[in-house]
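# Coordinate analysis (summary)
Here are the chains, one letter per residue:
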Amino acid sequence: MPVKMFVFDRRRVMLALPVVPGQPSGDFSMVLLEDPGFALACIMLFEGVWSRAMSLEEWERHSGFVLQAENGKE
């Protein structure tokens, strides 16, 4: 996804904000918006991206890169 988000009850959206310069890279802020129209737009964004997603196997075939499974097993 192009943005980290959570949608709750089809009316609340929590979005991750970019890392603040000068802060540790593991820190981030979140914003909570309550708007059913915005929540619907976020749901539509997710569904649109998800419908074009590839399985891991498809991605490996297209990229030529094979991810190693846990403990080095494929």
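### Details of the overall build of the protein chain
What the protein chain contains, in helices and strands, is 2 helices and 3 strands. Along the protein chain, helices (α) and strands (β) appear in the sequence β-β-β-α-α when read from the amino end. Here the protein chain holds 74 residues, and 11% of them are scored as buried. Sequence separation of at least 24 residues holds for 34% of the intrachain contacts in the protein chain that already meet a minimum separation of 6. Here the protein chain displays about 6,200 Å² of accessible surface, and carbon together with sulfur accounts for 60% of that area.

### Quick word on the pattern of salt bridges
A complete count under the given rule lists 3 salt bridges for this structure. A salt bridge links R11 to E34; the nearest nitrogen and oxygen atoms lie 3.4 Å apart. Within this pair, whereas R11 is found in the loop between β1 (5-8) and β2 (12-17), its partner E34 is found in strand β3 (residues 29-34), the two being separated by 23 residues in sequence. For R11, a relative accessible area of 32% gives the class partly exposed. The partner of R12 in a salt bridge is E34, and the shortest N-O contact between them spans 3.5 Å. One end of the pair, R12, is in strand β2; the other, E34, is in strand β3, and 22 residues separate them in sequence. We classify R12 as partly exposed; its relative accessible area is 25%. One network of salt bridges, in which partners are shared, links D9, R11, R12 and E34.

### Quick look at the sheet that holds β3
Each strand in a sheet pairs with its neighbour through backbone hydrogen bonds, running either in the same direction (parallel) or in the opposite one (antiparallel). Read across the open sheet, the 3 strands follow the order β1-β2-β3; overall the sheet is antiparallel. Unpaired on one side and paired on the other, β1 and β3 mark the two borders of the sheet. Direction aside, neighbouring strands of the sheet carry axes that sit 15° apart on average. Relative to β2, β1 runs antiparallel, the two sharing 4 bridges. Looking at β2, one finds that F6 is bridged to M14. Against the sheet, helix α1 (residues 36-51) engages β1, β2 and β3, with an angle of about 125° to β1.

### Things to note about the nonpolar core
Counting residues in hydrophobic clusters, the biggest one holds 5 residues: M5, V13, L15, A39 and C42. When residues of this core are traced back to their parent elements, those giving at least two are β2 and α1. Other than its neighbours up to four places away in sequence, C42 contacts M5, V7 and V13.

Criteria and thresholds
- Residues numbered from 1 in each chain as written.
- Predicted model: local features only at pLDDT ≥ 70, side-chain atom pairs only at ≥ 80, totals over all residues.
- Heavy atoms only, no water.
- Helix = DSSP H or I, 4+ residues; strand = E, 2+ residues; numbered from the N terminus.
- Buried < 20%, exposed > 50% of the residue type's maximum accessible area, 1.4 Å probe, protein only.
- Contact = heavy atoms within 4.5 Å.
- Areas by Shrake-Rupley, 256 points an atom, 1.4 Å probe, with all protein chains shown as cover.
- Salt bridge = Lys/Arg side-chain N within 4 Å of Asp/Glu carboxyl O.
- Pairing = 2+ DSSP bridges.
- Axes fitted to C-alpha atoms, helices over the stretch in contact; angles between N-to-C directions.
- Core = buried A, V, L, I, M, F, W, Y, C linked by side-chain atoms within 4.5 Å.

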